[in-house]
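Topology and contacts: notes
Chain by chain, the residues run as shown.
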Amino acid sequence: MDFPDNVKRLCGLKRFSFGCHPNVTCYTECCRELDLSLTPYDVLRLCRELQMIPTAFIERYAVMELDGNGIFPALYLGMVNDGRASCPFISENGCRVYNGRPGACRAYPVGRGATLDANGKKQELYVMVREEHCRGFVESQNHTVAEWFENQGLIEYNKINDEVLTLLQHEQVRAGMHLSREQKDNFLLALYRLDEFHELVSSPGFQDTFMLSEEEIHSVLSDDLSLLRLGIRWLQDTLFKEKK
Ligand code: SF4
Ligand code: SF4
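Predicted model, so just to flag it, every value in this text is computed and none were measured. (Residues numbered from 1 in each chain as written. Chains lettered and ligands numbered in written order. Predicted model: local features only at pLDDT ≥ 70, side-chain atom pairs only at ≥ 80, totals over all residues. Heavy atoms only, no water.)

Quick look at the packing of aromatic side chains now. Each aromatic ring pair is characterised by the separation of its centres together with the angle its planes make. In the structure shown here, the tally under the stated rule is 14 aromatic pairs. Ring geometry for Phe18 versus Trp148: centroids 5.6 Å apart, planes at 85°, classification edge-to-face. Residue Phe18 is located in the loop between β2 (16–17) and β3 (37–38), and its partner Trp148 is located in helix α4 (residues 145–151); the two are separated by 130 residues in the primary sequence. Geometrically, the ring pair formed by Phe57 and Tyr61 is tilted, given 5.3 Å between the ring centres and 40° between the ring planes. Of the two residues, Phe57 and Tyr61 both sit in helix α2 (residues 54–61), four residues apart, roughly one turn of that helix. Of the aromatic side chains, those joined through ring pairs into one cluster are Phe16, Phe18, Tyr108, Phe137 and Trp148. Here Arg101 stacks its cationic end above the ring of Tyr98, 3.8 Å away from the centre of that ring. Its guanidinium or amino end placed over the ring of Phe137, Arg130 lies 4.3 Å from that ring's centre, counting from NZ or CZ. (Phe/Tyr/Trp six-rings, centres within 6.5 Å; stacked < 30°, edge-to-face > 60°. Helix = DSSP H or I, 4+ residues; strand = E, 2+ residues; numbered from the N terminus. Lys NZ or Arg CZ within 6 Å of the ring centre and 35° of its normal.)

So, about the layout of surface pockets. In this model, the second largest pocket occupies a volume close to 170 Å³. Along its surface, the second largest pocket is lined by 14 residues, and Pro54, Leu194, Asp195, Asp224 and Leu227 are the ones closest to its centre. Where the lining of the second largest pocket is concerned, the elements lending two or more residues are α1 (40–50), α8 (194–202), α10 (214–222) and α11 (224–240). Tallied by class, the residues present in the lining of the second largest pocket amount to eight nonpolar, two polar and four charged. (1 Å grid on protein atoms, 1.4 Å probe; cavity = no way out; pocket = protein on both sides within 12 Å on 5 of 7 lines; lining within 4 Å. Points joined across faces, edges and corners; volume = space filled by probe spheres on them. Nonpolar A, V, L, I, M, F, W, Y, C, P; charged D, E, K, R; others polar.)

Here helix α7 (residues 181–191) crosses α11 at 160°, and the two axes come no closer than 8 Å. One way to sum up the angle between α7 and α11 is to call them roughly antiparallel. When you trace α7 past α11, the crossing you get is right-handed. Residues Gln183, Asn186, Phe187, Leu189, Ala190 and Leu191 of α7 form the contact with α11, whose participating residues are Leu228, Gly231, Ile232, Trp234, Leu235 and Leu239. The residue inventory of the contact of α7 with α11, partitioned by class, reads nine nonpolar, three polar and no charged. (Axes fitted to C-alpha atoms, helices over the stretch in contact; angles between N-to-C directions. Parallel < 35°, antiparallel > 145°, perpendicular 65-115°, else oblique. Left-handed = near helix turned anticlockwise from the far one by under 90°. Contact = heavy atoms within 4.5 Å.)

With that out of the way, let us pick up the side chain of Gln183. For Gln183, the position within the fold is in helix α7. Gln183 sits in the buried class, given a relative accessible area of 17%. Filtering out sequence-adjacent residues up to four positions away, Gln183 remains in contact with Met177, His178 and Leu239. (Buried < 20%, exposed > 50% of the residue type's maximum accessible area, 1.4 Å probe, protein only.)

Attention shifts here to the site of ligand 1. Taken together, Phe18, Cys20, Val24, Cys26, Tyr27, Thr28, Cys30, Tyr108, His133, Cys134 and Gly136 make up the full set of residues adjacent to ligand 1. Tallied by class, residues from the shell around ligand 1 come to eight nonpolar, three polar and no charged. (Near = heavy atom within 4 Å.)

Attention now goes to the environment of Phe149. Note that Phe149 resides in helix α4. Relative accessible area serves as the criterion here: at 5%, Phe149 is assigned to the buried category. Leave out the neighbours within four places in its chain, and Phe149 touches Ala107, Val110, Arg112, Tyr126, Leu154, Ile155 and Asn158.

As structure tokens, then:
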């Protein structure tokens, strides 16, 4: 696989030196001019942090790509028009949503690619991204990828993203499936617009069709992560099941 010059494959077991803290001279330089793709779990965590409902968050902060190159719709964090294309959450004291910051912000300078092989087995690949402005590489702390991810609170992010991967890399998708507009809307509803999906799940019709137990209904209606996981299951059914 070919990478740009500043991106190198990284062995998960190899230690690398990197540190980031408010005293680095480049503090917050990395929070500008970003193509920051938002996963469903990113949006869930940002909404929790900002105490916003997902539909309002998307309206205010996200840029949606419905018909881009990908099969599925994609959401990006909209940058501010301040002449430097800054992240809307940057402040002079750092990240305003630090506890709910997106997975890509946590992982930097490490990038993680996960794919499912033909047997549905997950393969992971790591890269190190070195950007000129970033002074973090001269810091003395060193880590393995696993230590870095743990330290940055990424374990849950990677876990949920991998659950979404079962949709993104479903065998029918790899075979060239195209989504209708309705299927794209359902994808956004069940993974991103969780407040609207909550309404749908609250309806007796949904509960009867999907045969949810009382316990499951209580769990998905009171916990956003359980609701997201139900969204993944629902999409598995509505997007793929009929064609099996
Ligand atoms: S060290 Fe790198 S990651 Fe940290 S603030 Fe500077 S540019 Fe951003
Ligand atoms: S969310 Fe926080 S860490 Fe991520 S780019 Fe914005 S300000 Fe920086």
